[in-house]
Amino acid sequence: MGVDRRRSIRAVTLDLDDTLWPCEPTLLRAEHLALAWLTERVPAVIAPWSIERLRERRMAIHAARPELGHDFRTIRRLALEEVFRGAGADDVQSAPIIEGSLDVYMTARNQVELYPEVLACLERLSARYRIASLSNGNACLVQIGLDHLFHATIAAHTHGASKPDPALFHIACRELGCAPGEVVHLGDDIELDVRGARGAGLHAVWINRASHSWPGDDVPDTVADLEAFERWLAQG
């Protein structure tokens, strides 16, 4: 991107998982805690179900119910309802246990460990730009304690669209009061974040913490972390 175009940037959209914190360790911990919670309360019901088998069931539901999009809590609930019914459990009695396990999962899912530079960078960026989170996931910035640094929160499951659909990027632009050409999106996923943002008319920067190779000739501006992203913005 040329320097002149970079000077037009008034706002930033940020992916969350694997951009501000590592995702997989957080999700695995949440899965284990939720399973342990269920095992303590309904051992006979949950005994046949490993984390991997539960994940396969959720993936099957996701594939069969595209209207659920990225409503991961509902998908988790439906999977557990199948588990309880398969064990002959009563729906009414099962409901509070299922909801309790979902609460355990979501609490742990939002106990993230930020990458070292993230908090200080977000504080500086928020003072200079309008910032929105833009995620297909179900992390909650309020629970994480970062919501005060964002001017808008855009999540796929609340808007009926998900990255790389241009609609979700355009929703973020409207929330920020900016045209797409005035917004830069930072994210780790090649298709969802970088190519998705480009397709919606936003500037796009790839955060590549693991030094992966870009699969193609359309190599984007690339940074290793948020401090490098700040330097990239300052070059404009």
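Residues numbered from 1 in each chain as written. Predicted model: local features only at pLDDT ≥ 70, side-chain atom pairs only at ≥ 80, totals over all residues. Heavy atoms only, no water.

Chemist: Could you clarify how one ought to interpret the pairing of strand S4 (residues 183–187) in this entry?
Modeler: Walk down a regular strand and you will see the side chains alternate between the two sheet faces. The element S4 is largely enclosed, with a buried count of five among its five residues. Here S4 shows two buried faces, one formed by Val 183, His 185 and Gly 187 and the other by Val 184 and Leu 186. Where S4 and strand S5 (residues 203–207) come together, four bridges link them in parallel fashion. Looking at S5, one finds that Leu 186 is bridged to Val 205. (Buried < 20%, exposed > 50% of the residue type's maximum accessible area, 1.4 Å probe, protein only. Helix = DSSP H or I, 4+ residues; strand = E, 2+ residues; numbered from the N terminus. Pairing = 2+ DSSP bridges.)

Chemist: Explain the pattern of salt bridges here, please?
Modeler: If you walk through the whole model with that rule in mind, you get 19 salt bridges. Its salt-bridge partner being Arg 73, residue Glu 99 comes within 3.2 Å of it at the nearest N-O pair. Taken together, the residues span a long stretch of sequence, with Glu 99 in helix H6 (residues 91–109) and Arg 73 in helix H5 (residues 72–86) at a distance of 26 residues. Between Arg 85 and Asp 91 there is a salt bridge; the shortest N-O distance is 3.3 Å. (Salt bridge = Lys/Arg side-chain N within 4 Å of Asp/Glu carboxyl O.)

Chemist: Before we go on, may I ask you to explain the sheet that holds strand S1 (residues 11–14) in this structure?
Modeler: For sheets, the rule is that strands pair by backbone hydrogen bonds, running either parallel or antiparallel. Pairing is parallel across the open sheet formed by six strands, whose spatial order is S3-S2-S1-S4-S5-S6. Each end of this open sheet is capped by a strand with a single partner; those strands are strand S3 (152–155) and strand S6 (221–223). This sheet shows a mean twist of 25° between the axes of neighbouring strands, independent of strand direction. Docked against the sheet, helix H11 (residues 190–199) engages S4 and S5, running at close to 160° with respect to S5. (Axes fitted to C-alpha atoms, helices over the stretch in contact; angles between N-to-C directions. Contact = heavy atoms within 4.5 Å.)

Chemist: Honestly, the nonpolar core in this entry has me stumped. Any pointers?
Modeler: For soluble globular proteins, the rule of thumb is that nonpolar side chains tend to be buried together. Trp 21, Leu 122, Phe 150 and Phe 229 are the most contacted members of the largest nonpolar core, which has 30 residues in total. If one sorts the elements of this core by residue count, helix H12 (residues 226–234) sits on top with five residues. Residues contacting Leu 122, with those up to four places away along its chain left out, are Leu 14, Leu 20, Ile 131, Leu 146, Leu 149, Phe 150 and Leu 226. Judged by nonpolar contacts, the second largest core, of 23 residues, contains Ile 154, Cys 178, Ile 190 and Trp 206. (Core = buried A, V, L, I, M, F, W, Y, C linked by side-chain atoms within 4.5 Å.)

Chemist: Please clarify how the environment of Gly 160 should be interpreted in this entry.
Modeler: With respect to the helices, strands and loops of the structure, Gly 160 is situated in the loop between helix H9 (156–159) and helix H10 (166–176). Note on Gly 160: relative accessible area 78%, which makes it exposed. Along the backbone, Gly 160 and Asp 71 are 89 residues apart, and their C-alpha atoms lie at a distance of 9.3 Å.

Note that every value here comes from positions in space, so none of it alone points to a role or purpose.
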